[in-house]
Amino acid sequence: AKQNGRNTLIFFEHEMHDRITERFTLEQELRNALQNDELELYLQSQVDKEGTMIGAECLVRWMHPTKGLIPPDDFIPLAEETGQVVKIGEWVLSKACQTLSQLPFAASAFSLSVNISAQHFQQAGFIDFVKQVLAESGADPRHLILEITESLLIQQPQKVIADMQTLADLGIRFSIDDFGTGYSSLSYLKRMPLNELKIDKSFVNDIPDDANDSALIQTILAMAHHLGYTVVAEGVETQTQHNFLASLGCELYQGYLFHKPQPYQEWLNNIASLKPN
Ligand code: C2E
Ligand code: CA
Ligand code: CA
Ligand code: CA
């Protein structure tokens, strides 16, 4: 038994060593990725009740030279730990603003949403960076939505709210992402200049069969509407889910039932073939 325990320990040591090495390599490779232009932008269109495209969310992917396409869940958490998420966020934001200024019907009500990590938002100079990108691209700030999460309010909520207000005064809108998965402080939410609330896919998955999730969604929608927010349901994959959400007055939808995330150029070609709405 003693020998066994020893072997287990050695096994764990190897395993840990492997993980640390892998992490270190990935971190190094991510640094190169930014330099070598290996990040790719995907866009997932969002629709209203009638199925009309009203916007899209910007989603980053990493085209690794040997490992292929790496989804954000496999590198954003590391990028947050190492601070590289700031550079990644800047890249996505620039690309989004350039795209906005090039859209064939920029005057219509079409918006692009960008995920902003808490670390990026709290970076000194974030507001100046946003202003600069808007000025350089000529994008209309009223067509830009920044998606933030509840974790942004853990530190210095007063300052965060003041900074959000500065950006909101430019016309930028704010959306609270993955609503319900973090620790919600409704009293802070109420004080933020929010326009939109996104219901996380995990709540949408099992509706209407799951009574708890159904009740939760009903409550979120009622509360959001009471506070004057538009609601986006994420991860809508079935007509049944859509019908249930529509019956509760959910305004916007993002999910495979309507559109999957598409590579930048493919998405742009699709948009170009649409008529202004
Ligand atoms: P998120 O912000 O909640 O993004 C929605 C995710 O749900 C996307 O995954 C999207 O592809 C997926 N999704 C949408 N509809 C459906 C559906 O009907 N079925 C299924 N199975 N999935 C659906 P993705 O692109 O893998 O992104 C994962 C997460 O990575 C995002 O979650 C976001 O937290 C993060 N992320 C992505 N891009 C960025 C970025 O540019 N910056 C930062 N900071 N985070 C990002
Ligand atoms: Ca998001
Ligand atoms: Ca989300
Ligand atoms: Ca999510």
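Before going into details, it helps to say that this report is about the structure given with it. Given the structure is predicted, the values throughout are model-derived calculations rather than measurements. (Residues numbered from 1 in each chain as written. Chains lettered and ligands numbered in written order. Predicted model: local features only at pLDDT ≥ 70, side-chain atom pairs only at ≥ 80, totals over all residues. Heavy atoms only, no water.)

Observations regarding the overall build of the chain
If you tally the helices and strands in the chain, you get 11 helices and 10 strands. Compactness check: the chain gives a C-alpha radius of gyration of 21 Å against a globular reference of 19 Å for 277 residues, within 12% of the reference. Taken along the three principal axes of its C-alpha coordinates, the chain extends 70 × 50 × 40 Å. Across the chain, every contact between residues at least 6 apart in sequence was considered, and the portion connecting residues at least 24 apart equals 67%. For the chain, the exposed area adds up to about 14,200 Å²; of that, 51% sits on carbon and sulfur atoms. (Helix = DSSP H or I, 4+ residues; strand = E, 2+ residues; numbered from the N terminus. Rg over C-alpha atoms; globule rule 2.2 N^0.38 Å. Contact = heavy atoms within 4.5 Å. Areas by Shrake-Rupley, 256 points an atom, 1.4 Å probe, with all protein chains shown as cover.)

Overview of the side chain of Thr99
The residue Thr99 is located in helix H3 (residues 85-102) in this model. A polar side-chain atom of Thr99 sits 2.9 Å from a polar atom in the side chain of Tyr264. With residues near it in sequence (within four places) discarded, Thr99 still touches Leu112, Tyr264, Trp267 and Leu268. (Polar contact = N/O pair within 3.5 Å; in protein donor to acceptor, adjacent residues only side chain to side chain.)

A few points about the packing of aromatic side chains
Under the definition given, this model contains five aromatic pairs. Ring plane angle 65 degrees and centroid distance 6.4 Å describe the contact between Phe121 and Phe174, whose orientation is recorded as edge-to-face. Separated by 53 residues along the polypeptide, Phe121 in helix H4 (residues 118-121) and Phe174 in strand E6 (residues 173-179) bring together distant segments of the chain. You can call Phe121 buried: its relative accessible area is 2%. (Phe/Tyr/Trp six-rings, centres within 6.5 Å; stacked < 30°, edge-to-face > 60°. Buried < 20%, exposed > 50% of the residue type's maximum accessible area, 1.4 Å probe, protein only.)

Topic: the environment of Ile54
Note on placement: Ile54 falls in strand E2 (residues 53-64). Looking at Ile54, the relative accessible area reads 19%, which means it is buried. Along the primary structure Ile54 and Ser247 are separated by 193 residues, whereas in three dimensions their C-alpha atoms are 20 Å apart. Here Ile54 is in contact with Gln46, Val47, Asp48, Ala109, Phe110, Ser111 and Leu252, once residues within four sequence places are set aside.

Here we look at the site of ligand 1
Neighbouring ligand 1 are 20 residues; Gln44, Arg61, Asp177, Glu237 and Tyr256 lie closest to it. In the environment of ligand 1, an oxygen atom lies 2.8 Å from a nitrogen or oxygen atom belonging to the side chain of Arg61. Asp177 is positioned such that a nitrogen or oxygen atom in its side chain is 3.1 Å from an oxygen atom of ligand 1. Protein contacts shield 83% of the accessible area of ligand 1, which totals 800 Å² for the unbound molecule. Of all the secondary structure elements, the ones that give two or more residues to the shell around ligand 1 are E2 and E6. The dominant element in the shell around ligand 1, judged by the number of residues it contributes, is E2, at four residues. Of the residues that constitute the shell around ligand 1, the class distribution is eight nonpolar, four polar and eight charged. (Near = heavy atom within 4 Å. Nonpolar A, V, L, I, M, F, W, Y, C, P; charged D, E, K, R; others polar.)

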